[in-house]
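Here is what each chain is made of, one letter per residue.
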Amino acid sequence: MTLLIPLLILLPLVVGIGIFLVGSKAESLVGLALGASGLVFALSLLLMFQVCGSAVPDSAASGATIIPRVEFAPEWLHIRLPVSVGGHPVYWHLQFGADGIGALLVLLTGIVGFVTMIMATLQIRERLVSYLALMLITQSMLLGVFLSMDLLSFYLFFEAVLLPLILLMNGWGNKAESVAASRKFLLYTLVGSVPMVIGLIGIALQSATPGRPSTVSLELLSAIAKESQLAAINAAPGDVLNSVSILANKDQWIVWILLLGFGIKLAILPLHTWLPTTYTVAHPNTTALIASVVAKLGVFGIIRIVIPLTPLALSTYAQMLFGGLGAVAIVYGAMVALSQSDLRKVLAYSSISHVGFITLGLMSMNSEGLSGAAIQMFNHGIITCSMFLILAMLEQRRGPVSLNDENCGLASIYPKLAVMMVFFTLAGAGLPGLNGFVGELLAMTGMIRVSGLFTAIAVVGTVLGAWYGLRIVQRVLFGSNGDAKSRFHAQVDGDLKATEFVPLIALACVCLFIGVRPQDSMDLIENDIKRIVSVSEPSAKAVHSDIDQLAQSQP
Amino acid sequence: MAPAITLILGGSLLLAASLVLKSGKARDVHGQRSGMAVASLVLLLAAAILGWIRVVPDDLGQGLFRFDASALASERLALLGGLIVILMSWSTAPRAHLGEYYGCLIIMIGAVPIVGASNDLVSLFLGLELISIPTYIMLGIVKSDNAGAEATIKYFLLSTFASSFFLLGISYLYGFVGSTNLQVIQGNFATANRLTSLALVLVMCGLAFRVTAVPFHFYAPDVFEGTSLTMAGIMSYLPKVAGFVALIRIMGTGMNSQTLEIVVPVLFVCSALTMLGGNFFASAQNNLRRLLAYSSVAHTGYLMLAMTALLRENADPNVLYSYLAAYAAMTLGFFACLGEIEAAGGKTQLVGDLSGMFYRRPAASIGMTVCLISMIGLPLTAGFWAKFLVFMGTVAAGTKDPLSIAMAILMAFNAVIAAGYYWRVLSKLFENSDAYVPLRVFRPSLFVAYTICVVLTVVWFFVPAVM
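Residues numbered from 1 in each chain as written. Chains lettered and ligands numbered in written order. Predicted model: local features only at pLDDT ≥ 70, side-chain atom pairs only at ≥ 80, totals over all residues. Heavy atoms only, no water.

The next thing to look at is the overall build of chain A. The helix and strand tally for chain A stands at 23 helices and 4 strands. Relative to the 2.2 N^0.38 estimate, which gives 24 Å for 555 residues, the radius of gyration of chain A is 23 Å and therefore close to what a compact globule would have. The dimensions of chain A, computed from C-alpha atoms along their principal axes, are 80 × 60 × 45 Å. Taken over 555 residues, chain A has a buried fraction of 65%. In chain A, the proportion of contacts linking residues at least 24 apart, taken out of those at least 6 apart, comes to 82%. For chain A, the exposed surface amounts to about 18600 Å²; the carbon and sulfur share of it is 66%. The averaged location of the 30 negative side-chain charges in chain A is 8 Å from the averaged location of its 29 positive side-chain charges. (Helix = DSSP H or I, 4+ residues; strand = E, 2+ residues; numbered from the N terminus. Rg over C-alpha atoms; globule rule 2.2 N^0.38 Å. Buried < 20%, exposed > 50% of the residue type's maximum accessible area, 1.4 Å probe, protein only. Contact = heavy atoms within 4.5 Å. Areas by Shrake-Rupley, 256 points an atom, 1.4 Å probe, with all protein chains shown as cover. Lys, Arg positive; Asp, Glu negative; His and termini not counted. Charge placed at Lys NZ, Arg CZ, Asp CG, Glu CD.)

And the structure:
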């Protein structure tokens, strides 16, 4: 039981709402907002150390696959509904806690939140205080999702993220299009998330038996799920196929409905069309937060709920379908990024491409793939955040950046900015030694055990990824000395200031650290992944007999 | 029965008072207005206290009325709605007909618990008519222009038409069992035949009009457009509560599979048509009143889906009551906000009239925002739990029948369509412009009305058990 968790969720919420209520005129509140965000960052670091320091939980006792290592679940935190299910009144305990994966994403939220808030003070010209307050509220909701250990609070925070985000898009986006774009974002997300609640209710109600009231606790649910899935897989030899398919069919609708919701948040290929509009219309500083953390909600949901709770049904059809979609998304995103000229759009589609790798890793359902996906969530968050922040700085100095103005030659005008841009582009392209490489390699290693074809497509995607990355660098940074062709010559207001440079350097250090010493972050999530794999891998193998063929053919 | 009797007797007294009120040359309209509203509130308070101190016996008996959980829930819903509606009426009631207006209103409020407690077809019909007849009078007196007259005639004709459907249905039920007692009728459901199903479908048709279900919804947009805001609020709430309570009363539990095979698909189709129709027509509307009418139709669709779960799973009728409570808070709250804007001199006929309202009338706009978020069903509002409970009931029924889950998913997509037009209204409120004149007239009663609604909407999110 630790007070760190409620503090993490409530601190930004209370400060955010407080600032919002006090009023947007008081400029002195900027410091308070920044301080709160810095404190959240510090707390998220502290939480990570606590998780690292706590004893590795023993999964053998309860059989659960999701066990928080730091927990906050007091007795009084419950919800009672005026209905009863299966003879038991509905009385659900809400639990909060962090395991390794959760702690990693909490840290990501802390870092990205702090950096985007600092940058916002330089970027946002109007109603800065309200903007910061909304950013704080968004952070609180995001932390709530990552720290929740039951279906209900997960869903509540998952939905509640929408409200501040819509306001951020509406109030500080591209004026002409922001209303239409935020409406599209709202409806698109709701199409996924409203049906999702039915799937979550389905999971919760299935846990109710005559002797056991329904529960929403992920720990209990995962134990129940593991027991029933393994019982089906290890049934009498002649009966395995039958019992597996019965269980898989029973959960099938839940899986599809959850994947629709998470897939839309994740912007997997046919469900991605909200993403380019949202990313290009919102202020780049907002986009940095959306692209790096909000888009991870989908991945987190799959790794937290779909894979541990319904692995058999997932592997029946959806595993291969989503794996394929992920592979195609990598290539598709990269190709579209190559053909766009607006830098915002290029980055948006590159994000689709990168998310493809995460999906690929998730759908391999083995330990390499899942670790790759979890690490890549963090890495992609850091890299995208930096790229969008750099974009914001460029736009502040020069207006919209188009790759069609060939030979912008900005490197000679903004040398520091150019260095950072090259660094993060290379990290995104997956250069060994930087963090992008670790996640992509692991995801592909995982996938090759499941499907050689998808991995081959993904490899093509990495080449294209390097291509569009270098195209950005070439067109924007190099080619001329910059003076002659700059349309905004009069407005140029110098290279990066210290307040802009330092956060970027810090982010770069994180990239470098994970790239050089991936083991440290792997240690953090290793145990959680191991437990999830103990149920997901047998499920995948029970359904697809050809998994691991490549590995077996070359002993 | 004490609360209902108090309300109906009190209502009759107020009706009688109208004779006195009109005489006298120097009549003090403002004083009368406040006096009547306060008198109504006192009646409501008396009814609430009488209901609160009532001791419910263990043996509920077989008589004309039964005080089970449904009866108590419907009483609470009626008193809650009544409180808000009377506060809304305080400054908007027609000055020339104060006595008639409040008398009819109080009788309507008192009739809902009668429907809720009825254990007999006759008393049930009596309760339903006690709601309908005052509605005709009120529609006639709140607005005397052409649109108002059209609304009145339309509602009157269609309502009597629906009542005859209902009567035909219950006459078959009587013919089948030989008794008008609902417990006896339900005891015979186990041996029901196709004729019973026909009777039940006819009853549903009759009640579908009261709850504005497709295809009996056509009057709703015209009436909402033609009558006053307060009256539209009343029409969207009280008849709906009565209709659903009556449905729960008659359908009850214990149907055999043969009856369920007919009744449940009819309810499914009706519910699907109602939510799809309501939402699609509402999305196409620029007229705010008609939009609200169709949105109320859509909510009926969700409630009918909850009804199917209730019939099959013997689930708690609490799903419906919680939904209706949340619905009361958000819909009546929204109407109260609109009422305040109108009282202050703003226009509320079209969606576009609300443009930039946040800068003209911040308090009412924030109230509307909360109500709209609740109608969309997002967290931090009671509307979230309302939809959540319907989903839960349907999924519980879906363990045996996949169609039920499919209906839940259809409802989820409908909620998204609805979010589209609610968002359209919501974003209008915050539209930016400098050229707006602030509205400064302050109506305390309307302010209190929507404050209650907003507070309830938010509080119920945190303690859904008391909804």
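All right, on to the overall build of chain B then. Broken down by element type, chain B carries 18 helices and 0 strands. Taken over C-alpha atoms, the radius of gyration comes to 21 Å for chain B, in line with the 23 Å a tight globule of 467 residues would show. Judged by the C-alpha coordinates and their principal axes, chain B covers about 65 × 50 × 40 Å. Residues counted as buried form 63% of the 467 residues belonging to chain B. Long-range contacts, defined as pairs at least 24 residues apart, comprise 82% of the intrachain contacts of chain B with a sequence gap of at least 6. Of the roughly 16000 Å² that chain B leaves accessible, carbon and sulfur atoms contribute 69%. Here chain B carries 26 positive and 21 negative side-chain charges, and the mean point of each set is 7 Å from the other.

With 34 residues of chain A in contact, the opposing surface of chain B contributes 32 residues. In this assembly, chain A packs against chain B so that about 3000 Å² is buried in total across both faces, 87% of it on carbon and sulfur atoms. Where chain A touches chain B, the interface holds 0 salt bridges. For the pair chain A and chain B, the number of links is 2 residue pairs in polar contact (both at pLDDT 80 or more). Residue assignment for the side of chain A that touches chain B shows that the elements contributing at least two residues are β2 (78-85), β3 (88-93), α6 (151-160), α7 (162-172), α8 (178-206) and α10 (240-266) of chain A. With 14 residues, the single largest contributor to the side of chain A that touches chain B is α8(A). (Buried area = accessible area lost by both parts, 1.4 Å probe. Salt bridge = Lys/Arg side-chain N within 4 Å of Asp/Glu carboxyl O. Polar contact = N/O pair within 3.5 Å; in protein donor to acceptor, adjacent residues only side chain to side chain.)

Residue B:Pro215 is reached from B:Val214 by a cis peptide bond, and omega for that bond is 5 degrees. For B:Pro215, the location among the structural elements is in the loop between α8 (194-210) and α9 (219-226). Look at A:Ala267: it is not a glycine, yet its phi comes out positive at around 60 degrees. Of note, A:Ala267 is situated in the loop between α10 and α11 (274-281). Judged by relative accessible area, which is 2%, A:Ala267 ranks as buried. At B:Leu380, a residue that is not glycine, the phi angle is positive and equals roughly 80 degrees. Relative to the helices and strands, B:Leu380 is located in the loop between α15 (362-376) and α16 (382-398).

Between two packed helices, the angle of one axis relative to the other and the distance separating the axes together describe the packing. Residues and elements named next belong to chain A. At a closest axis distance of 7 Å, the pairing of helix α4 (residues 100-123) and helix α22 (residues 518-543) adopts a crossing angle of 135 degrees. The pairing of α4 with α22 is recorded here as oblique in orientation. On α22, the residues touching Gly 100, Ile 101 and Leu 104 of α4 are Leu 524, Ile 525, Asp 528, Ile 529 and Ile 532. For the contact of α4 with α22, the class distribution of residues is 6 nonpolar, 1 polar and 1 charged. (Axes fitted to C-alpha atoms, helices over the stretch in contact; angles between N-to-C directions. Parallel < 35°, antiparallel > 145°, perpendicular 65-115°, else oblique. Nonpolar A, V, L, I, M, F, W, Y, C, P; charged D, E, K, R; others polar.)

What follows covers the environment of A:Leu39. With respect to the helices and strands, A:Leu39 occurs in helix α2 (residues 29-53). Distance from A:Leu39 to A:Gly110, taken between C-alpha atoms, is 8.9 Å for residues 71 residues apart in sequence.

Residues and elements named next belong to chain B. Among the surface-exposed residues, Leu 380, Val 455, Val 458, Val 459, Phe 462, Val 463 and Val 466 lie close enough to one another that they form a single nonpolar patch of about 570 Å² accessible area. Note on placement: Phe 462 falls in helix α18 (residues 444-462). Assessed through its relative accessible area of 52%, Phe 462 is described here as exposed. (Patch = residues over 30% accessible without salt bridge, like charges linked within 9 Å, V, L, I, M, F, W, Y side chains within 5 Å.)

Residue and element names in this part refer to chain A. The interhelical angle for the contact between helix α5 (residues 128-147) and helix α13 (residues 296-309), taken along N-to-C directions, is 15 degrees, at an axis separation of 10 Å. Considering the angle they form, α5 stands roughly parallel to α13. Two packed elements cross with a definite hand, and for α5 against α13 that hand is left-handed. Here Leu 142, Val 145 and Phe 146 of α5 come into contact with α13, specifically with Leu 297, Phe 300 and Arg 304. Among the residues making up the contact of α5 with α13, the classes are represented as 5 nonpolar, no polar and 1 charged. (Left-handed = near helix turned anticlockwise from the far one by under 90°.)

The next point concerns α18(B). Taking 1.5 Å as the rise per residue, α18(B) with 19 residues should run 27 Å; its terminal C-alpha atoms sit 27 Å apart, in good agreement. Of the residues making up α18(B), those classed as buried are B:Ser445, B:Leu446, B:Ala449, B:Tyr450, B:Cys453, B:Val454, B:Leu456, B:Thr457, B:Trp460 and B:Phe461. Contacts made by the buried residues of α18(B) are with α6 of chain A together with α3 (69-89), α13 (318-343), α15 and α16 of chain B. (Expected span 1.5 Å × (residues − 1).)

Now for helix α15 (residues 343-364) of chain A. Residue and element names in this part refer to chain A. Between its first and last C-alpha atoms α15 spans 32 Å; for 22 residues at 1.5 Å apiece the expected length is 32 Å, and the two agree. In terms of residue burial, α15 counts as a mostly covered element, since 21 of its 22 residues are buried. Of the residues flanking the end of α15, it is Met 365, one or two places downstream, whose phi is positive at about 60 degrees.

A separate point is the packing of aromatic side chains. Taken as a whole and assessed by the stated rule, the structure comprises 36 aromatic pairs over all chains. When the centroid spacing of 6.2 Å and the interplanar angle of 80 degrees are considered together, the rings of A:Trp92 and B:Phe388 count as edge-to-face. Here A:Trp92, found in strand β3, pairs with B:Phe388, found in helix α16, and the two come from separate chains. On the basis of an interplanar angle of 10 degrees and a centroid distance of 6.0 Å, the ring pair of B:Phe125 and B:Phe166 is categorised as stacked. Taken as a pair, B:Phe125 in helix α5 (residues 121-142) and B:Phe166 in helix α6 (residues 146-177) lie far apart in primary sequence, 41 residues in all. By the ring-pair criterion, three or more aromatic residues cluster together here, those being A:Trp92, A:Tyr155, B:Phe384, B:Trp385, B:Phe388, B:Phe461 and B:Phe462. Lying across the ring of A:Phe501, A:Lys416 places its NZ or CZ 5.4 Å from the centre. (Phe/Tyr/Trp six-rings, centres within 6.5 Å; stacked < 30°, edge-to-face > 60°. Lys NZ or Arg CZ within 6 Å of the ring centre and 35° of its normal.)

Residues and elements named next belong to chain A. With respect to the element layout, Thr 189 can be found in helix α8. The class for Thr 189 is buried, based on a relative accessible area of 5%. Not counting residues up to four positions away in its chain, the partners in contact with Thr 189 are Leu 162, Ile 264 and Lys 265.

What follows is about the environment of A:Phe388. Residues and elements named next belong to chain A. Here Phe 388 lies in helix α16 (residues 367-398). Spatially, the C-alpha atoms of Phe 388 and Leu 259 are 27 Å apart, while their sequence positions differ by 129 residues. Apart from the residues lying within four places of it in its own chain, the contact partners of Phe 388 are Tyr 279, Pro 284, Thr 287, Ala 288, Ala 291, Leu 347 and Ala 348.

Okay, the pattern of salt bridges next. All names here are of chain B. The full count for this structure, using the stated rule, is 17 salt bridges over all chains. Glu 75 serves as the salt-bridge partner of Arg 54, at 2.8 Å between the closest nitrogen and oxygen. Here the residue Arg 54 occupies a position in the loop between α2 (29-53) and α3, and Glu 75 occupies one in helix α3, the gap between them amounting to 21 residues. For Glu 75, a relative accessible area of 7% puts it in the buried group. Across the pair Asp 222 and Lys 154 runs a salt bridge whose closest N-O atoms are separated by 2.6 Å. Pair noted here: Asp 222 is in helix α9 and Lys 154 is in helix α6, with a separation of 68 residues, a long-range link. Given the relative accessible area of 27%, Lys 154 is considered partly exposed. In the salt-bridge network here, residues are joined through shared partners; they are Glu 150, Lys 154, Asp 222, Glu 225 and Arg 290.

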